[in-house]
Amino acid sequence: MKSFQLGEGEVLMVRRAGTVTAVGSKCTHYGAPLEKGALGPEGTIRCPWHGACFNSVTGDIEDFPGLDSLPCYKVSLEPKEGGDRRVKVRARPSQLLAKKRVQPLATKNPDNGLTIVVVGGGAAGNSCVEGLRQEGFTGRVVMVCGESALPYDRPKISKNLIASVESLALRTKEFYEMGDIELITGNPVLSLNSANKKLLLKDGKSLSYDHLFLATGGRPITLREPGSELPGVLTLRTPADGLAILQQTNVQHVVIVGTSFIGMEVASHLMTLGKCASVSVVGRGSVPYERSLGTVVGRRLQQFLEEQGVTFYMNDGIAEIVGRERVEQVVLKNGAHLEAGIVICGIGVQPATDFLEGSEVQLDDRGYVVVDQFLRTSVGSVYSGGDIAVFPLQYGGAVRDDRAQAGHWQIAQYHGHVAAHNLLSSLTNTRLRPVNTVPMFWTVLQGKSLRYAGYGKSFDDVIVTGDLEGLSFLAYYLKNDSVVALASLGKDPAVARFAEHFRNGGTLTRQQVVRVFIRTAVASLGDITALIEVLGDPCFKLGCWPAKVAEACVGRHLEVRSQFQSRAILRMRHLASVSVDVAQPHSIKNSIKSTICQAPAVRYFTARHLQYVTLQPGTCSTLLYSQAPAAGCATARHLQQVVLQPGTCSRLCYSQAPAAGCATARHLQQVVLQPGTCSMFGCTRYEDLCGFSPGDKRRLFFCPIVLFSQKRSILVTITLV
């Protein structure tokens, strides 16, 4: 795929299986350059930002988010001298300027007496009514919206509180009129009588239907603690909610309850606006996003917002909200008092399905509508989708979850699209379309977009590669050593390629991730960056390698030796070593920083005069400025001998030993590293190690690098030979 300038516009040329096609170059969702996306084996173009899919031949949108298709241009091939061919593309100027193609809508035919009602004006509902008209349905189409506004782009609200209803609208009123789509706004459904096929609306009127699609979405979960009814306690769901927050946060201390996507995005946006006196976030977990993105990624994103001035109170909750006429303070469960002029509740949503209580539509124990793979409910002629549905999720030819619930914008739009097709197929007795899509979502913090693809429910491990500290990384979510989801930040189009790989039946294992990482790391040593400490796991925190390392590498040879796993350290795996050939070993500067937990691994572990240290399997130790009386020098800071047993790791810094006639040399007299160990020697000249002369070619440099796992610290030791 490659984009080319054509007149005042741009076209995307796609060559596949000997055929050349031309379509619009920008995604119709948010305008991402499609040439930087992924091209599937069947010719599907996937957007690099949010995963919308387009047919490379017709330009039709096939997966979401997004509303419109790509313009499609005529391509001809003309012969040239020498056997080559010239590609010619013809396009109308209006097509190039439009950058999208709105599919034609059918209109109502008085002879068609069927009525399809769509309950819900969100992503799923809007996608369904459009799909019905786009596929040629000529009966009556009614969309019932609980809110007074036209369907709008809800994900933008928490990222931009100042956005107006008009700027967020998915379509204009004229668009719905053009397709004879009836809109009932500000009049939610109160009950469903499926036997009589009637809906009771809030204004007391009833609405009859022949076929029904339910997509009422979610409603915010509110606080129930004492004081939560005070003015100044707010939730965020609608543009009006966003405006209310903005109006009340000026020069106020803001407390946000909840550390998932809504809470974190609002905290980020408020810090960007800079109008609040302070922003504090209270969360029940140890880090934000703990259940969705894992501890490792969550901790780094927390640190990122802390760097912007946000204060976090984790492993805590609200005990009470205090105030006279409005919010004045928040009391945490740990007893702390936070000054607060406004409290924003972002602790999740629950399905808006109260109107279905007492109906024949089956709900699960949480209130979600149970549907099959075609989005059919337990009641004939009634379908459901979007945030209120639990459904069999499948992609790549496999069912990932019999009852999945994925509250993503992309899933909701896809459900509406599938429901429209299946509603019409049920009328004509043609083949139904199953739900078959890779879930994708995104979040934005301080202008940085994290993207996610897959279904990582109940993941049991996370491997992070890349520069986590620099917010340029990939996070692989595993279950039983198989990758089930991928998150990325600053690594486009990795998530799009991953989604396309899985959509077409591809898989990814832990071994493949490790193998690819090591190959990439050795090939580009200048990009190896910090490893962040994992709670409960001894691990190293490494500084960036100097650029000279990459310049010094001439021929690179990779050798991965056997893994070990000792009983005392079941959550750690070490790859023993990686050898790299370099031209100038002396150009490698010591730039490693290390932070590892201390353990009572020796008999006199608190004494600062260790003469001999032995670390047993499953232990790790930090030895700083250790003193030992040796060779008549009672104040010399040195270790005479260190022996590291299998399954151990150690950091030895500024150790001095009298050897080779140099009493002030910073070196160790003897170091014994057994297989399965790793160690970092700070400020030690390797030629001063006993048994190694300055001219010896076997210069050792033990350096664990970043293959990082939430449950296992996979430390790769590099030996520069």
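Parameters at a glance
- Numbering of residues starts from 1 in every chain and runs along the sequence as written.
- Thresholds applied to this predicted model are a pLDDT of at least 70 for local features of residues and 80 or more for the giving and counting of side-chain atom pairs; totals over whole chains, interfaces and linings are not thresholded and use all residues.
- Excluded from the side-chain calculations are hydrogens and water; all other atoms, namely the structure's heavy atoms, are used.
- Per the convention used, a helix needs a DSSP run of H or I reaching at least four residues, while a strand needs a run of E reaching at least two, with both numbered from the N terminus.
- Throughout this description, buried means an accessible area under 20% of the type-specific maximum (1.4 Å probe, protein chains only), exposed means over 50%, and partly exposed covers the range between.
- The contact rule is simple, with two residues in contact once any of their heavy atoms fall within 4.5 Å.
- For this analysis, a nonpolar core means a set of buried residues of the types Ala, Val, Leu, Ile, Met, Phe, Trp, Tyr and Cys, connected via side-chain atoms within 4.5 Å.
- Centres within 6.5 Å are what make two rings of Phe, Tyr or Trp a pair, Trp counting through its six-membered ring; a difference in plane orientation under 30 degrees is then read as stacked, over 60 as edge-to-face, and the rest as tilted.
- Definition used: whenever NZ (Lys) or CZ (Arg) falls within 6 Å of the ring centre and also within 35 degrees of the ring normal, the charge is taken to sit over that ring.
- Two strands form a pair only when DSSP identifies at least two bridges running between them.
- Axes here refer to lines fitted to C-alpha atoms; in helices the fit is confined to the stretch in contact. Angles between the N-to-C directions go from 0 to 180 degrees.
- Definition used for salt bridges: Asp or Glu carboxyl oxygen within 4 Å of a side-chain nitrogen of Lys or Arg.
- Convention used here: a crossover is right-handed provided that the path from the first strand, over the helix, to the second strand proceeds clockwise when the strands point away from the viewer.

## Observations regarding the environment of L375
Okay, step 1: Here L375 lies in the loop between β27 (369-370) and β28 (382-384).
Okay, step 2: For L375, a relative accessible area of 0% corresponds to the buried category.
Okay, step 3: With 162 residues separating them in the primary sequence, L375 and F213 have C-alpha atoms 9.2 Å apart.
Okay, step 4: Apart from the residues within four sequence positions on either side, L375 is in contact with V382, Y383, S384, H415, V418, A419 and V435.

## Side note on the nonpolar core
Okay, step 1: Counting residues in each nonpolar core, the largest one holds 86 residues, and the members touching the most others are V117, L132, L199, L212 and F213.
Okay, step 2: Here this core takes nine residues from helix α8 (residues 409-428), the largest share from any one element.
Okay, step 3: Within the second largest apolar cluster, 47 residues are counted, among which are L161, L236, F473 and V484.

## Thoughts on the packing of aromatic side chains
Okay, step 1: In total, this model carries nine aromatic pairs according to the counting rule given.
Okay, step 2: Residues F175 and Y176 carry aromatic rings whose centres are separated by 5.7 Å and whose planes lie at 85° to one another, so their mutual orientation is edge-to-face. In this pair, the class of F175 matches that of Y176, namely buried.
Okay, step 3: Taken together, the ring pairs connect F261, Y289, F441, Y452, F459 and Y477 into an aromatic cluster.
Okay, step 4: We note K2 situated over the ring of F4; from NZ or CZ to the ring centre the distance is 6.0 Å.
Okay, step 5: Its guanidinium or amino end placed over the ring of F175, R171 lies 4.3 Å from that ring's centre, counting from NZ or CZ.

## Topic: the sheet that holds strand β12 (residues 181-184)
Okay, step 1: Spatially, five strands are ordered β12-β11-β10-β16-β28 in an open sheet, and the strand pairing comes out parallel. Taken across any chain shown, the strands that pair with only one partner, and hence form the sheet edges, are β12 and β28. The mean angle between the axes of side-by-side strands here comes to 20°, regardless of whether they run parallel or antiparallel.
Okay, step 2: Where strand β16 (residues 211-214) lies against β28, three bridges are found, and the strand directions are parallel. Bridge assignment links L214 to a residue of β28, and that residue is S384.
Okay, step 3: Lying on the sheet, helix α2 (residues 123-134) is in contact with β10 (115-119), β11 (140-144), β12 and β16; it crosses β11 at an angle near 170°.
Okay, step 4: Strand contacts of α8: β10, β16 and β28, with the helix running at about 165° to β16, the strand carrying the most contacts.

## Observations regarding the pattern of salt bridges
Okay, step 1: Under the definition given, this model contains 19 salt bridges.
Okay, step 2: A salt bridge links K100 to D68; the shortest N-O distance between them is 3.6 Å. Highlighted residues: K100 in the loop between α1 (93-98) and β10 and D68 in the loop between β7 (61-63) and β8 (72-79), separated in sequence by 32 residues.
Okay, step 3: Two residues, D372 and R376, come together in a salt bridge whose shortest N-O distance is 2.7 Å.

## What about unusual backbone geometry?
Okay, step 1: Cis geometry marks the peptide bond from F64 to P65; its omega dihedral reads 20°.
Okay, step 2: Relative to the helices and strands, P65 is located in the loop between β7 and β8.
Okay, step 3: A cis amide bond links D492 with the next residue in sequence, P493, at an omega value of 5°.
Okay, step 4: When you line up the elements, P493 lands in the loop between β35 (482-489) and α9 (494-503).
Okay, step 5: A positive phi is found at S381, a non-glycine position, where the angle reads about 70°.

## Observations concerning the side chain of H415
Okay, step 1: Its place among the elements puts H415 in helix α8.
Okay, step 2: Note on H415: relative accessible area 0%, which makes it buried.
Okay, step 3: Setting aside residues up to four positions removed in sequence, H415 forms contacts with F213, L375, G385, G386, F391 and V435.

## Quick word on the pairing of β11
Okay, step 1: In terms of burial, β11 is a largely internal element, four of the five residues being buried.
Okay, step 2: In this structure, β10 lies alongside β11, joined through five bridges in parallel fashion. When the sheet's bridge partners are listed, T115 is paired in β11 with R140.
Okay, step 3: Each parallel crossover has a hand, and for β10 linked through α2 to β11 it is right-handed.
Okay, step 4: Pairing geometry for β11 and β12, over four bridges, is parallel. Paired with V141 across the two strands is I181, which belongs to β12.

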